[in-house]
Amino acid sequence: MKTLKIAIQKSGRLNEKSVELLKNCGLDFDNYKSSLISGVSNFPLEILFLRDDDIPEYVQDGIADLGIVGENVIQETEVEVAYLQRLGFGKCSLKIAIPNSYDIEDVSELSGKSIATTYPVILGKYLKEKNINAEIRTISGSVEISPGLGLSDAICDLVSTGGTLKSNGLKPFCNVMSSEAIMIGKAGIENHEHVQELLQRVQSVLRAKETKYVVLNIHKDDLGKAIELLPGVKSPSVVPLAEEGWVAVHTVIPENDFWDRINQLRQAGAQGITVMPIEKIIF
Ligand code: ATP
Ligand code: ZN
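Positions within a chain are numbered from 1, following the residues in the order the chain's sequence is written. Here every chain gets a letter starting at A, and every ligand a number starting at 1, in the order they are written. In keeping with the model being predicted, local features are shown solely for residues with a pLDDT of at least 70 and side-chain atom pairs are shown and tallied solely at 80 or more, while totals for entire chains, interfaces and linings include all residues. Side-chain descriptors were evaluated using all non-hydrogen atoms of the structure, hydrogens and water having been removed beforehand.

Draft legend 1. Just the packing of helix α1 (residues 15-24) against helix α6 (residues 193-209), in detail. Where α1 meets α6, the closest approach of the two axes is 9 Å, and the angle between their N-to-C directions is 105 degrees. Taken together, α1 and α6 sit at an angle that is classed as roughly perpendicular. Residues Glu20, Leu21 and Asn24 of α1 touch α6, and the partners they reach there are Val202, Val205 and Lys209. Among the residues forming the contact of α1 with α6, the class breakdown is three nonpolar, one polar and two charged. All axes here are fitted lines through C-alpha atoms, helices being fitted over the stretch that makes contact, and every angle between N-to-C directions spans 0 to 180 degrees. A run of H or I in DSSP becomes a helix once it reaches four residues, and a run of E becomes a strand once it reaches two; helices and strands are each numbered from the N terminus. To sort the angles, those under 35 degrees are grouped as roughly parallel, those over 145 as roughly antiparallel, those from 65 to 115 as roughly perpendicular, and the leftovers as oblique. The contact criterion used is simple: two residues touch if any of their non-hydrogen atoms lie within 4.5 Å. Side-chain classes are defined by residue name, with Ala, Val, Leu, Ile, Met, Phe, Trp, Tyr, Cys and Pro counting as nonpolar, Asp, Glu, Lys and Arg as charged, and the others, Gly among them, as polar.

So this is what it looks like as structure tokens:
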């Protein structure tokens, strides 16, 4: 069977997390910054290291079978690819931002203004949807300095913490799209046996990230209360302790409401709570 190719960013914000994800899937490859392509020694896959902007088209055209890239880039390039898996990293928002001194409240007030961006396609669709007649100034980078230089009234750019906006005297005004890294594939590739295998591995790594393995000690009399607080994969394992009347409970807890759960368990009588990261969860 033909060796699959997956395209990931060569360097930049998505490179490290993409490499980490593939390594956590058990793939063994060299991550030399100088090479364009790297073979995987223990899976029929090759990794292409590319600029993120090129990834969607390479996947659409079948030069790569799979790719990992930000949803913002996929939408901006308007390609036809299959969304195989949201990956939960590279989270950011494409926002319209305005100078701090600007006093506008409604998006409709952007009519007649100029907005600098490297995302003319996404911004154009957004403005059309909202019926706003603003001028889009497409530039190739350093969008955030454009109002200060008098090149535009506002900007539309990717924001994660908002620090860059702040240091350029800008404030976020409205959200155009939210984005994260996505695994994409050329149409139909999701049925390929090795793609299904890889996706299963990816999902098991993502599930493990969302949960923690917890072991706690509790008196048998309080066990019922504690079990009600623990969903577990199926149900928690309960192991007797050497000390009469006490048991150890092994379970997994979702990361999102982790501290609430732990505090409730302590109130229910849990002691010696030990929390461990999980590598993979395979159903
Ligand atoms: P390349 O050299 O590959 O073209 P780039 O400079 O265009 O890289 P990066 O800045 O590395 O791109 O960003 C890659 C992706 O990371 C973005 O397209 C976006 O999906 C995501 N991202 C997450 N947070 C941010 C942020 N604060 N600013 C920009 N991109 C972000
Ligand atoms: Zn880029």
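Draft legend 2. Spotlight on the sheet that holds strand β11 (residues 181-185). Two strands qualify as a pair provided DSSP detects at least 2 bridges between them. Here six strands make up an open sheet; going across it, the order is β2-β3-β1-β4-β11-β5 and the pairing mixed. This sheet does not close on itself; its edge strands, each paired only once, are β2 (37-39) and β5 (82-86). Here the strands of the sheet are splayed against their neighbours by 25 degrees on average, with no regard to which way each runs. Here β5 pairs with β11 via four bridges, running antiparallel. Paired with Arg86 across the bridge in β11 is Ile182. Those strands touched by α1 are β1 (4-9), β3 (45-50) and β4 (66-70), and its axis lies near 145 degrees from that of β1. Strand contacts of α6: β1, β3, β4, β5 and β11, with the helix running at about 30 degrees to β5, the strand carrying the most contacts.

Draft legend 3. Region of interest: unusual backbone geometry. One non-glycine residue, Glu78, lies in the positive phi region at around 55 degrees. Examined against the element boundaries, Glu78 turns out to sit in the loop between α3 (71-77) and β5.

Draft legend 4. Region of interest: the sheet that holds strand β6 (residues 92-99). Pairing in this open sheet of five strands is mixed, and the strands run β8-β7-β9-β6-β10 from one edge to the other. Across the chains shown, the open sheet's two edge strands, defined by having one partner strand only, are β8 (135-138) and β10 (170-179). Between one strand axis and the next, the sheet turns through 30 degrees on average, direction left out of account. Pairing analysis gives three bridges linking strand β7 (residues 114-117) to strand β9 (residues 154-159), with the strands arranged parallel.

Draft legend 5. Region of the structure containing the site of ligand 1. A single heavy atom is enough: if one lies within 4 Å of a molecule or strand, its residue is considered near that molecule or strand. Taken together, 16 residues surround ligand 1, and among them Arg13, Arg51, Asp53, Asn72 and Ser160 come closest. Think of a polar contact as two N or O atoms within 3.5 Å of one another; within protein, one of them needs to be a possible hydrogen donor and the other a possible acceptor, and neighboring residues in sequence only count if both atoms come from side chains. Note that an oxygen atom of ligand 1 is positioned 2.8 Å from one of the side-chain N or O atoms of Arg51. Ser160 has a polar side-chain atom sitting 2.7 Å from a nitrogen atom of ligand 1. Where accessible areas are quoted, they stem from the Shrake-Rupley method and a 1.4 Å probe; at the residue level, only the protein chains shown are allowed to cover. Burial of ligand 1 by the protein amounts to 77% of the accessible area it has alone, namely 630 Å². Because more than half of its atoms lie within 2 Å of the grid, ligand 1 is assigned to the largest pocket. Tallied by class, residues from the shell around ligand 1 come to four nonpolar, seven polar and five charged. The two domains that each donate at least three residues to the shell around ligand 1 are domain 1 (4-89 + 180-208) and domain 2 (92-179). Only protein atoms enter the 1 Å grid, on which a cavity is a set of points fitting a 1.4 Å probe that cannot get out and a pocket is an open set with protein on both sides within 12 Å along at least 5 of 7 lines, lining residues being those with an atom within 4 Å of a point. A cavity or pocket is said to hold a molecule if more than half of that molecule's atoms lie within 2 Å of its grid points. An automatic or database domain assignment is the source of the domain bounds shown.

Functional significance is not addressed by these values, which are geometric in nature.
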